[in-house]
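Observations on the three-dimensional arrangement
Given next are the chains, with one letter for each unit.
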Amino acid sequence: MKISIFGLGYVGAVSLACLARDGHHVIGVDIDPTKLRLISEGKTPVVEDGMVDLMQQVAASGRVSVTTDAEEAVLGSEISLVCVGTPSAANGSQDQGAILRLAEQMGRALRRKDSGHVVVFRSTLVPGTVEDVLRPIVERESGKQDGQDFHLCFQPEFLREGSSIRDYDKPPFTVVGANGEAAFEKLQALFGHLPCKFLRTSVRSAEMMKYCCNNFHALKITFANETARLCAALGVDPFEVMDLVCQDTQLNISRAYLRPGFAFGGSCLPKDLRATTYLAKTRDVEIPMLASILPSNTSHLDLAFDKVVALGRRKVGFVGLSFKTGTDDLRESPLVALAERLIGKGYELRIYDPEVHLARLLGANKSFIERHLPHIGQMLMPELADVVAASDVLVLGSSSPAVLQALERDVRPEQALVDLVSLPAASPLRERALGLCW
Ligand SMILES: NC(=O)c1ccc[n+]([C@@H]2O[C@H](COP(=O)([O-])OP(=O)(O)OC[C@H]3O[C@@H](n4cnc5c(N)ncnc54)[C@H](O)[C@@H]3O)[C@@H](O)[C@H]2O)c1
């Protein structure tokens, strides 16, 4: 392919070298003449393992050229990869100065181009940038339309400095966010051979997932470091501990606990986080991230409370009360906390939970509910249909298939549903329910 690459920093220079190595003709574009000179001399503009040899090799192949002229680059290629920097502004926002200027240049170049050009944004961009900010600029400057005359898309870059050539050749996956076939097909042809999944998605999801990946990496590092600080204070070997933690690929290093839903609760997570935070305090160890988890969980509960209140109806039916579907454990259930707050505000509550039978509750579970919902006996109903019949709002806190099936049958059109469990996509209730944050 004939490819133009805009921005020859770490991402752009490594992409240029690898694409040229793989036989493509690449035009490198940058505003920095020093970088262009280095590349044209077969030298690397970035310090990266393997780049010295690779740049020499690709410069000798004759498949690499450089220019400061964006228009020449667009006219001379069928696809453009945009890799300009998007650093932090002083207030923490993303400084989009370079990408905005580039969108204008790109638009002006496309005005003169007839064949459908594909523009792939590879810079990390805050969600909505491509569709809401860059597309209008390119359309205005070109006088043409995205999806018809040219195709904008977003493909997040996952390479790490220090191992970027290896990461280019073996990324965790290829993710392409686009609105039309043309862009997917072009990128499939360019990157489909890589030994990883090729995932198609929306432009916004692709933009957002890049932030999620980096945030998740930062979270993991901080988790290990906070754990290590606490371990050091307790005389425990942090490497041994983290090695053991990582060996659980069922619950720890896995998809478990990574699906959006309601606040967590139960008899273990809140109490153990509280004990960890207290322990750190007694040893003068700062663990701000771990200490923020319970407050963040409370924010999630606040959101559910606000959603119910915003509906402006007073008769609320809870479907599910225990901390997790399939158990009768009410200890620290976020649904109990939500019920408690609604009752405190004078809401009329009815509750159905197929697992919770007051007469069978024992020990700590019994004393917890007696303390938090002393009048639960008057609210708990043995039949779901009775709760549905008497409520204006239904709060879905159970994902039991039998419960969902019964609801599909009994729910009335005028009833409001608040979905706290993230109903399965196949459930007809999902469409009409108000999701917590989905
Ligand atoms: N560095 C990484 O490891 C990495 C990994 C994944 C994603 N990213 C993202 O990729 C993007 C690029 O990162 P980087 O580290 O390569 O940036 P960088 O700062 O090293 O390079 C950016 C280049 O863009 C050039 N530039 C600026 N305006 C231009 C214009 N109008 N036309 C042409 N060139 C222009 C600059 O001169 C510079 O050479 C960023 O959004 C970054 O967040 C970086």
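Computed from a predicted model, the values in this text were never measured in an experiment.

**What to know about the domain arrangement of the protein**
Taken as a whole, the protein is organised into domain 1 (2-201) and domain 2 (296-435). Summarising the inter-unit geometry, the C-alpha centres of domain 1 and domain 2 are found 50 Å apart.

**Section: the pairing of strand β2 (residues 25-29)**
The buried count for β2 comes to 4 of 5 residues, which makes it a mostly enclosed element. Note: strand β1 (residues 2-6) against β2, 5 bridges, orientation parallel. Its bridge partner lying in β2, Ile 3 is registered against Val 26. Note: β2 against strand β3 (residues 64-67), 4 bridges, orientation parallel. When the sheet's bridge partners are listed, Val 26 is paired in β3 with Val 64.

**A few points about the pattern of salt bridges**
What the rule picks out here adds up to 25 salt bridges. Across the pair Arg 21 and Asp 169 runs a salt bridge, and its minimum N-O distance is 2.6 Å. One end of the pair, Arg 21, is in helix α1 (residues 10-21); the other, Asp 169, is in helix α7 (residues 164-169), and 148 residues separate them in sequence. You can call Asp 169 partly exposed: its relative accessible area is 27%. Close ionic contact of Glu 181 with Arg 200 constitutes a salt bridge, the shortest N to O distance being 2.8 Å. In this pair, Glu 181 sits in helix α8 (residues 181-191) while Arg 200 sits in strand β8 (residues 198-201), placing the two residues 19 residues apart along the sequence. With a relative accessible area of 43%, Glu 181 lands in the partly exposed category. By relative accessible area, Arg 200 is classed as partly exposed at 43%. If you follow the salt bridges from partner to partner, you end up with Glu 131, Asp 132, Arg 135, Asp 146 and Arg 204 in one network.

**Focus: unusual backbone geometry**
Phi at Tyr 257 is positive, roughly 70°, even though this residue is not glycine. As for its placement among the helices and strands, Tyr 257 is situated in the loop between α10 (238-247) and α11 (269-282). For Asp 284, which is not glycine, the phi dihedral falls at a positive 55°. Relative to the helices and strands, Asp 284 resides in the loop between α11 and α12 (288-291).

**Re the site of the ligand**
In the region of the ligand, 22 residues are neighbours, and Asp 30, Lys 35, Thr 86, Thr 124 and Glu 161 sit closest. In the environment of the ligand, a nitrogen atom lies 3.5 Å from a nitrogen or oxygen atom belonging to the backbone of Gly 7. Within the side chain of Asp 30, an N or O atom sits 2.6 Å from an oxygen atom of the ligand. Alone, the ligand offers 830 Å² of accessible surface; in the complex the protein occludes 79% of this. When contributions to the shell around the ligand are tallied by element, the ones reaching two or more residues are α1 and α5 (97-111). Ranked by the residues each element gives to the shell around the ligand, the list is headed by α5, at 3 residues. In the shell around the ligand, the residues fall into 10 nonpolar, 7 polar and 5 charged.

Scoring rules and cut-offs
Residues numbered from 1 in each chain as written. Predicted model: local features only at pLDDT ≥ 70, side-chain atom pairs only at ≥ 80, totals over all residues. Heavy atoms only, no water. Domains from an automatic or database assignment. Buried < 20%, exposed > 50% of the residue type's maximum accessible area, 1.4 Å probe, protein only. Helix = DSSP H or I, 4+ residues; strand = E, 2+ residues; numbered from the N terminus. Pairing = 2+ DSSP bridges. Salt bridge = Lys/Arg side-chain N within 4 Å of Asp/Glu carboxyl O. Near = heavy atom within 4 Å. Polar contact = N/O pair within 3.5 Å; in protein donor to acceptor, adjacent residues only side chain to side chain. Areas by Shrake-Rupley, 256 points an atom, 1.4 Å probe, with all protein chains shown as cover. Nonpolar A, V, L, I, M, F, W, Y, C, P; charged D, E, K, R; others polar.

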